[in-house]
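# Inside the fold
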Amino acid sequence: MIQFENVTATYADDVGIFDLSFHIEKGEMVFLMGPTGAGKSTVLRTIYKDILLNDGSLYIDGQDITDMRSRKIPYYRRKIGMIFQDFRLIEDRTVFENVALPLNILGLPNKEIKSKVSEILEKVGLDSVTKMRPSQLSGGEQQRVSIARALVKDPVVILADEPTGNLDPNVSDEILDLLELATNNGTSVLMSTHNFPLIRPRKKRYIELSDGRLVQK
Amino acid sequence: MMSKLTFLLIESIRALFRARIPAIISSITIAITLVVFSSAYFFYENMVGFTNKFTAQFNIEVFFDSGLSESTSVQLFNDILLIRGIEQGEFIDKEKAASLFKLYFKDDIKNIIGNNPLPMGGNFDISISHRSPRMMWKITREIRRMNGVDEAAFQHDVVSRVDHIIDNLLGFSLVVGIAILLISIVLVSNTIRLIIHSKQHSIETLHLLGATNSFIRFPFIMEGIYQGLIGSTMALLFLSLLYSLQAYLIESLVRIQLVIPDMMIAGNLIVGILLGLTGSYRGISKYLK
Ligand SMILES: Nc1ncnc2c1ncn2[C@@H]1O[C@H](COP(=O)(O)OP(=O)(O)O)[C@@H](O)[C@H]1O
Ligand SMILES: [Mg+2]
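Residues numbered from 1 in each chain as written. Chains lettered and ligands numbered in written order. Predicted model: local features only at pLDDT ≥ 70, side-chain atom pairs only at ≥ 80, totals over all residues. Heavy atoms only, no water.

### Some remarks on the overall build of chain A
Helix and strand counts for chain A stand at seven helices and 10 strands. Relative to its length of 217 residues, chain A is compact, with a C-alpha radius of gyration of 17 Å against a globular reference of 17 Å. Along the three orthogonal principal directions, the C-alpha set of chain A runs to about 45 × 40 × 30 Å. Residues classed as buried in chain A amount to 54% of the 217 residues present. At a minimum sequence separation of 6, the contacts of chain A that also span at least 24 residues come to 71%. (Helix = DSSP H or I, 4+ residues; strand = E, 2+ residues; numbered from the N terminus. Rg over C-alpha atoms; globule rule 2.2 N^0.38 Å. Buried < 20%, exposed > 50% of the residue type's maximum accessible area, 1.4 Å probe, protein only. Contact = heavy atoms within 4.5 Å.)

As structure tokens, this is what we get:
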């Protein structure tokens, strides 16, 4: 589902990620481990085409996205769910509208949007706050909104960049549960974190980065 | 597709209400531009209409050689009518010349001289497209060269003065108009940029969710169009107020009927919308890669 082949992507000569090769299966959940500055966000950014590769090849869902033209990037991003540490919700919209946004972008009929959004909000346990603004919610709830927004479009891949970075340990666990649940539908999940104790009990495969390079185990 | 369009239209209306203050500022800027523009145009049109009424100044008087027979004179008159720039003419035969003489000098020429020595000739009106001193000189010289013409003349100082006024007016309002238009576009795009700046984070998020540039741009463009519509409505209301005030003050004093140029309403709406459109397009472009 996600395949890195000798990928190098740099900001400057010695800064970035170097010669990365790894593979993530369909429906698999994999953690991207490493201290701050190790290159975790950079790996995720190459996948959602926010930065260019210097070298190597990148395949997502069987599609070679190495040299994707910028005109095509918006359409490609529609099948990728993204979750960030700072949630990135739109403040002047309700929870429901935030979650509906990817479907508005896809141009689905209103009826379908309504039922899909309601269904997903129920799934993440937010059906009682649909009319609230993000700022009226707790951090954990806001992150669940952003998970709902990623899930609502049935993505092939979910990229989560330190999604629990701002949350309490028990709330973090709930978030991980939700992400793990997503893999049941065949969605692959790649989640970055520097919090090893959080992920250890889950016994999932993890990829470790240090200074932009893979740490061999 | 339909649902996307409805979504974007609703978005744009919500955006307008969310950023009320900048939207009002933008609309007022557009309104002021339109009021100044329309007033200038209004007075310009009326000035031109006014000066065009002095058609007397835009004619050429021609005197034929005094020996010319009546039939040759008529022939010559008809030849002159064919010259480009001549709109129409009045043939002056000896009788007519005598009566004109009498009109001016309050006496019959036959009483003074004994017979009528006045030459025949013509009075020719110049078509609007040829009412400049240069063109009129050209026509006058052409007439003078014709066989049987003794003299041809026009009141060139009057013509050149009127021509000068119109030229100045035109140039002045053109320069002022373009300046106002540019200032307005900059002001509108800056206020819209202000609105957009506060939404930069949302725009980035939209990009990450897979929104295309046109999807992001559309609500802002629509917002610009609404601002243009609101601005031109305000301008039209203010202009109608100004017009009734003017009718009350000027028309009652100098008894000049000022006319409202055609297309005043349509023109204001169109220019207003175009202003809003260009302003918002310029405003948003900076934020879309
Ligand atoms: N936009 C950028 N421009 C220049 N350097 C950057 C940029 N983003 C990240 N970096 C550098 O790239 C390296 C990897 O960063 P990042 O991928 O954000 O690490 P992580 O997410 O693991 O903390 C760091 O040294 C960071 O300073
Ligand atoms: Mg990071």
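### Regarding a positive patch on the surface
All names here are of chain B. Taken together, the side chains of Arg84, Arg134, Lys138, Arg141 and Arg145 define a basic patch exposed on the protein surface. Along the chain, Arg84 falls in the loop between α3 (70–81) and β2 (86–92). Look at Arg84 and you get exposed, because its relative accessible area is 69%. (Patch = residues over 30% accessible without salt bridge, like charges linked within 9 Å, V, L, I, M, F, W, Y side chains within 5 Å. Areas by Shrake-Rupley, 256 points an atom, 1.4 Å probe, with all protein chains shown as cover. Salt bridge = Lys/Arg side-chain N within 4 Å of Asp/Glu carboxyl O. Lys, Arg positive; Asp, Glu negative; His and termini not counted. Charge placed at Lys NZ, Arg CZ, Asp CG, Glu CD.)

### A few points about the environment of Phe64(B)
Residues and elements named next belong to chain B. With respect to the helices and strands, the residue Phe64 is situated in strand β1 (residues 59–64). With 86 residues separating them along the chain, Phe64 and Asp150 place their C-alpha atoms 4.9 Å apart. For Phe64, the residues in contact, after removing those within four places along its chain, are Ser73, Leu76, Phe77, Ile80, Phe91, Pro119, Met120, Gly121, Gly148, Val149 and Asp150.

### Here's the deal with the sheet that holds strand β3 (residues 121–126) of chain B
Residue and element names in this part refer to chain B. Strand order in the open sheet formed by four strands is β2-β3-β1-β4, and the pairing between neighbours is antiparallel. The two strands at the open ends of the sheet, each matched to only one other strand, are β2 and β4 (149–153). Sheet twist, expressed as the average angle between the axes of neighbouring strands with direction ignored, equals 20°. The sheet contact formed by β1 and β3 spans five bridges and is antiparallel. Each bridged residue has a counterpart across the sheet, and for Ile60 the counterpart in β3 is Phe124. Packed onto the sheet, helix α6 (residues 133–144) meets β1, β2, β3 and β4 and runs at close to 170° relative to β4. (Pairing = 2+ DSSP bridges. Axes fitted to C-alpha atoms, helices over the stretch in contact; angles between N-to-C directions.)

### What about the site of ligand 1?
Residue and element names in this part refer to chain A. The environment of ligand 1 is made up of Tyr11, Val15, Pro35, Thr36, Gly37, Ala38, Gly39, Lys40, Ser41 and Thr42. Here an oxygen atom of ligand 1 and a backbone polar atom of Lys40 are 2.8 Å apart. Ser41 is positioned such that a nitrogen or oxygen atom in its side chain is 2.7 Å from an oxygen atom of ligand 1. Coverage of ligand 1 by the protein chains reaches 59% of its 560 Å² of free accessible surface. Per element, the largest residue contribution to the shell around ligand 1 is three residues, and it comes from helix α1 (residues 40–47). (Near = heavy atom within 4 Å. Polar contact = N/O pair within 3.5 Å; in protein donor to acceptor, adjacent residues only side chain to side chain.)

### Notes on the layout of surface pockets
By volume, the largest pocket is sized at about 690 Å³. Forming the boundary of the largest pocket are 23 residues, of which Ser70(A), Ile73(A), Arg77(A), His207(B) and Lys289(B) lie nearest the centre. In terms of residues, the lining of the largest pocket owes the most to one element, helix α2 (residues 73–77) of chain A, which gives four residues. Residues that form the lining of the largest pocket fall into these classes: nine nonpolar, five polar and nine charged. (1 Å grid on protein atoms, 1.4 Å probe; cavity = no way out; pocket = protein on both sides within 12 Å on 5 of 7 lines; lining within 4 Å. Points joined across faces, edges and corners; volume = space filled by probe spheres on them. Nonpolar A, V, L, I, M, F, W, Y, C, P; charged D, E, K, R; others polar.)

### With respect to the pattern of salt bridges
Under the defined criterion, the tally for this structure stands at 14 salt bridges over all chains. Ionic pairing is found between Glu28(A) and Arg205(A), a salt bridge with its closest N-O pair at 2.9 Å. Of this pair, Glu28(A) sits in the loop between β2 (15–24) and β3 (29–33) while Arg205(A) sits in the loop between α7 (196–199) and β9 (206–210), and the two are 177 residues apart along the sequence. With relative accessibility at 19%, the residue Glu28(A) sits in the buried group. With its nearest N and O atoms 3.3 Å apart, the salt bridge here joins Lys96(B) to Glu90(B).

### A look at the sheet that holds β9(A)
Within a sheet, adjacent strands bond to each other through the backbone by hydrogen bonds, running parallel or antiparallel. Residue and element names in this part refer to chain A. The sheet built from six strands is open, its strands ordered β6-β7-β8-β3-β9-β10 with mixed pairing. Looking at the sheet topology across the chains shown, the edges are occupied by β6 (80–84) and β10 (213–214). As paired strands, β3 and strand β8 (residues 188–193) are joined by five bridges and run parallel to one another. Paired with Met29 across the two strands is Val189, which belongs to β8.

### Regarding the confidence of the model for chain B
Low pLDDT means the predicted coordinates in that region are not meant to be read closely. Across chain B, pLDDT averages 83, with 92% of residues at or above 70. Predicted confidence in chain B is weakest over helix α7 (residues 156–197) of chain B, with a mean pLDDT of 77, and strongest over helix α8 (residues 200–208) of chain B, with 92. (pLDDT = per-residue confidence, 0-100.)

### Describing the packing of aromatic side chains
All names here are of chain B. The full count for this structure, using the stated rule, is eight aromatic pairs over all chains. With 6.0 Å between their ring centres and 20° between their planes, Phe7 and Phe215 make a pair best called stacked. Of this pair, Phe7 sits in helix α1 (residues 2–18) while Phe215 sits in helix α9 (residues 213–254), placing them 208 residues apart in sequence. Ring pairing ties together the aromatic residues Phe77, Phe91 and Phe124, which thus form one cluster. (Phe/Tyr/Trp six-rings, centres within 6.5 Å; stacked < 30°, edge-to-face > 60°.)

### Regarding the side chain of Thr193(A)
Here Thr193(A) shows up in strand β8. At 2.9 Å, the side chain of Thr193(A) and the backbone nitrogen of Asn195(A) are in polar contact.

### Considering the domain arrangement of chain B
In terms of domains, chain B is made up of domain 1 (2–53 + 163–285) and domain 2 (59–154). A C-alpha centroid distance of 52 Å is found between domain 1 of chain B and domain 2 of chain B. (Domains from an automatic or database assignment.)

### Some details on unusual backbone geometry
Residues and elements named next belong to chain A. Not every positive phi belongs to a glycine, and Lys49 is a case in point at roughly 60°. The residue Lys49 is located in the loop between α1 and β4 (55–60) in this model. Relative accessible area serves as the criterion here: at 8%, Lys49 is assigned to the buried category. Even without glycine at this site, Asp61 takes up a positive phi of about 55°. Considering the arrangement of structural elements, one finds Asp61 in the loop between β4 and β5 (63–64). By relative accessible area, Asp61 is classed as partly exposed at 34%.

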